Amino acid sequence: MEALMQFFSRVAFSFISISFSFPSFAASDEAWKAFQDEVRSACLEAAGESLEGAKALVDPFGSETFGLALVGGKSKWSDDRLGMICVFNKQSKTVELSGELDAGQVSETLE
């Protein structure tokens, strides 16, 4: 569990750093919050097929075309903690997930 929390902390820092490199156009705080909630909901729904108790760390603004999130939780088929990258198409509202990533390995990669 601690490795997963460290993983989320490091990824949050990375997402925030990247997000500030993209220009933010005139959008209200409420609009960005609604966008983040939409991405979180869609990603958690998609990840629910593989993960129990999933949580999502949403990039506050995403890219020009995509909403981005890191989803983590317990595998439904083992005791492993896993992470998945979620890509939300802003136009079509569709979601794609990466393969399952071992949370410990991802955490080590971000060190």
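Let me sum up the structure you'll find in this document. If you're wondering where the values come from, they're calculated on a predicted model, not measured in any experiment.

Comments concerning the overall build of the protein chain
Argument step 1. Along the protein chain, the regular secondary structure elements total three helices and five strands.
Argument step 2. In the protein chain, buried positions account for 32% of the 111 residues.
Argument step 3. Partitioning the intrachain contacts of the protein chain with sequence separation of at least 6 by distance along the chain shows that 48% fall at a separation of at least 24.
Argument step 4. Only carbon and sulfur atoms are counted for the fraction: they give 56% of the accessible area of the protein chain, which is about 6700 Å².

Observations regarding the state of the cysteines
Defined simply, a disulfide is a covalent bond joining two cysteines at their sulfur atoms.
Argument step 1. Going through the model one piece at a time under the given rule, you end up with one disulfide.
Argument step 2. With its sulfur 1.9 Å from that of its partner, Cys43 forms a disulfide with Cys86. Residues Cys43 and Cys86 are joined by a disulfide whose S-S torsion is about -85°; by sign, that bridge is left-handed. One end of the pair, Cys43, is in helix α2 (residues 29-47); the other, Cys86, is in strand β3 (residues 81-89), with 43 residues separating them in the sequence. Neither residue differs from the other here; Cys43 and Cys86 are each classed as buried.

Here we look at the nonpolar core
Argument step 1. The biggest cluster of nonpolar side chains holds 15 residues, and the ones touching the most others in it are Val39, Cys43, Leu51, Ala69 and Val71.
Argument step 2. Those elements that place two or more of their residues in this core are α2, β1 (51-58), β2 (66-75) and β3.
Argument step 3. Among the elements that line this core, the one with the most residues is α2, at six residues.
Argument step 4. In this structure Leu51 touches Val71, Gly72, Gly73, Lys74, Ser75, Lys76, Leu82 and Met84, once residues within four positions along its chain are discounted.

A word on unusual backbone geometry
Argument step 1. Positive phi values are uncommon outside glycine, yet Lys93 reaches one of about 65°.
Argument step 2. The residue Lys93 is located in the loop between β3 and β4 (95-97) in this model.

As for the side chain of Ser75
Argument step 1. Inspection of the secondary structure assignment puts Ser75 in strand β2.
Argument step 2. Taking the relative accessible area as the measure of exposure, Ser75 reaches 3% and is therefore buried.
Argument step 3. At a separation of 3.4 Å, a polar atom in the side chain of Ser75 contacts the main-chain amide nitrogen of Ser78.
Argument step 4. Discounting residues that sit within four places of it in the chain, Ser75 has contacts with Ser50, Leu51, Asp80 and Leu82.

Considerations on the pattern of salt bridges
Argument step 1. Under the definition given, this model contains five salt bridges.
Argument step 2. Put simply, Asp37 and Arg40 hold a salt bridge, and the shortest N to O gap is 3.4 Å. Of the two residues, Asp37 and Arg40 both sit in helix α2, three residues apart, roughly one turn of that helix.
Argument step 3. Among the residues examined, Asp37 registers a relative accessible area of 33% and is labelled partly exposed.
Argument step 4. Across the pair Glu38 and Lys93 runs a salt bridge whose closest N-O atoms are separated by 3.4 Å. With Glu38 in helix α2 and Lys93 in the loop between β3 and β4, this residue pair connects regions lying 55 residues apart in the sequence.
Argument step 5. Of the residues examined, Lys93 reaches a relative accessible area of 44% and is grouped as partly exposed.
Argument step 6. The network of salt bridges with common partners includes Lys33, Asp37 and Arg40.

Conventions and cut-offs
- Residues numbered from 1 in each chain as written.
- Predicted model: local features only at pLDDT ≥ 70, side-chain atom pairs only at ≥ 80, totals over all residues.
- Heavy atoms only, no water.
- Helix = DSSP H or I, 4+ residues; strand = E, 2+ residues; numbered from the N terminus.
- Buried < 20%, exposed > 50% of the residue type's maximum accessible area, 1.4 Å probe, protein only.
- Contact = heavy atoms within 4.5 Å.
- Areas by Shrake-Rupley, 256 points an atom, 1.4 Å probe, with all protein chains shown as cover.
- Disulfide = S-S within 2.5 Å.
- Core = buried A, V, L, I, M, F, W, Y, C linked by side-chain atoms within 4.5 Å.
- Polar contact = N/O pair within 3.5 Å; in protein donor to acceptor, adjacent residues only side chain to side chain.
- Salt bridge = Lys/Arg side-chain N within 4 Å of Asp/Glu carboxyl O.

These figures come from the coordinates and say nothing about function on their own.
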